[in-house]
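Structural characterization, general
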Amino acid sequence: MKHTSLLTLTLALAAFAARGEDKPLLAIPGKVIYENKLNDGAGAPWKAAKGKWEPVDGVLRGSELAADKHGAVTRLPNKLKDFVVEYEFKFSGAKSTSLSINAVKDHMARISITPKTVTVQRDDNDHEGPDKAVVFARFPTELGEGWHKVRLEMVGDKMLGKVDDLVAWGANDLFLTEKASPGFTVSGQSVDFRNFSLTEATLNPAWEEVKATLPKPGEKVAAAAKPAGKGKKKAE
């Protein structure tokens, strides 16, 4: 059994190298659940809850609509266990965007991105109740023009977020519950998306070694930008 597992891991790592993909971090991607280059937009099974989502120049463009009084949101209907999501995005004037994962009740986790910050967090899971978001990392950055790559890995009670070369991870018992509805959010106008993939995942056997090279949860938390309004902002 151990020989078979080692052979499977070796073949998986060799496949990574052959395709020129990023090295494994928290997770080893497995069976493809869903892939879409998004060059024709985001039709079924995507479901747009808010905003305008349209194909523009061979990519998916998401834009907030003032009439919605809410950021643009589109999601997949999938219920998930352990998984990896990857895609690319480009700011086209928007204030922020995120990759959001829901729990059975309310939100679970997200990678939140502005042109100047990248945040990896466990979400507030009850909005008006006592629960609060847990920020694992907030990196100052300068996301210039052009495309950027996002990767979210969730295995067991752990999540790992990666935007270009910025990487952070964290753990929480909420992540042991059912994960659902991966989706994009956009605040403002607009953000372009392409090359979306969602795969099953297993824990990287070398995770402990990888973890030792990464910031500890909460170790890299830059100050958040002050909101324009007052009160607790509802996540999308």
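See the structure above.
The notes below deal with the structure included here. Everything numeric in this text was worked out from a predicted model, so none of it was measured. (Residues numbered from 1 in each chain as written. Predicted model: local features only at pLDDT ≥ 70, side-chain atom pairs only at ≥ 80, totals over all residues. Heavy atoms only, no water.)

**Looking at unusual backbone geometry**
Quick reminder of the rule: The helix and strand labels rest on DSSP assignments: H or I over at least four residues marks a helix, E over at least two residues marks a strand, and numbering proceeds from the N terminus. Using a 1.4 Å probe on the protein chains alone, a residue whose accessible area is under 20% of its type maximum counts as buried, one over 50% counts as exposed, and one in between counts as partly exposed.
Note the cis peptide between A44 and P45, where omega equals 10°. Mapped onto the secondary structure, P45 falls in the loop between β1 (27-36) and β2 (47-50). In this chain, Q189 is followed by S190 through a cis amide linkage whose omega measures 5°. Looking at where S190 falls in the secondary structure, it is placed in strand β16 (residues 189-203). Non-glycine residue S181 carries a positive phi angle of around 50°. Tracing the backbone through its elements, the reader meets S181 in strand β15 (residues 179-187). Since its relative accessible area comes to 18%, S181 is described here as buried.

**Considering the pairing of strand β10 (residues 117-122)**
Just so we agree on the cut-off: Strands pair, by our definition, only if DSSP identifies at least two bridges between them.
Counting buried residues along β10, six of its six residues qualify, which places the element largely inside the surrounding structure. Side chains T117, T119 and Q121 of β10 all project onto a buried face; the interleaved residues V118, V120 and R122 project onto the opposite face, where all are buried too. Pairing between strand β9 (residues 107-113) and β10: five bridges, direction antiparallel. Bridging from a neighbouring strand, S112 pairs with T119 of β10. Looking at chain direction, β10 and strand β11 (residues 134-140) are connected through six bridges and run antiparallel. Paired with T119 across the bridge in β11 is R138.

**Some words on the packing of aromatic side chains**
Basically, it comes down to this: A pair of aromatic rings is counted whenever rings of Phe, Tyr or Trp (Trp by its six-membered ring) have centres within 6.5 Å, and the orientation is called stacked for planes under 30 degrees apart, edge-to-face for over 60 and tilted otherwise. The rule is short: NZ of Lys or CZ of Arg within 6 Å of the ring centre and within 35 degrees of the ring normal puts a charge over the ring.
Scanning the model with the defined rule gives 12 aromatic pairs in all. Ring plane angle 85° and centroid distance 5.5 Å describe the contact between W169 and W207, whose orientation is recorded as edge-to-face. Within this pair, whereas W169 is found in strand β14 (residues 166-171), its partner W207 is found in helix α2 (residues 207-211), the two being separated by 38 residues in sequence. Both residues of the pair, W169 and W207, belong to the buried class. Ring geometry for F184 and F196: centres 5.8 Å apart, planes at 85°, overall edge-to-face. Remark: F196 occurs in strand β16 and F184 occurs in strand β15; sequence separation between them is 12 residues. In this pair, the class of F184 matches that of F196, namely buried. Against the face of W147 rests R194, its NZ or CZ located 4.0 Å from the ring centre.

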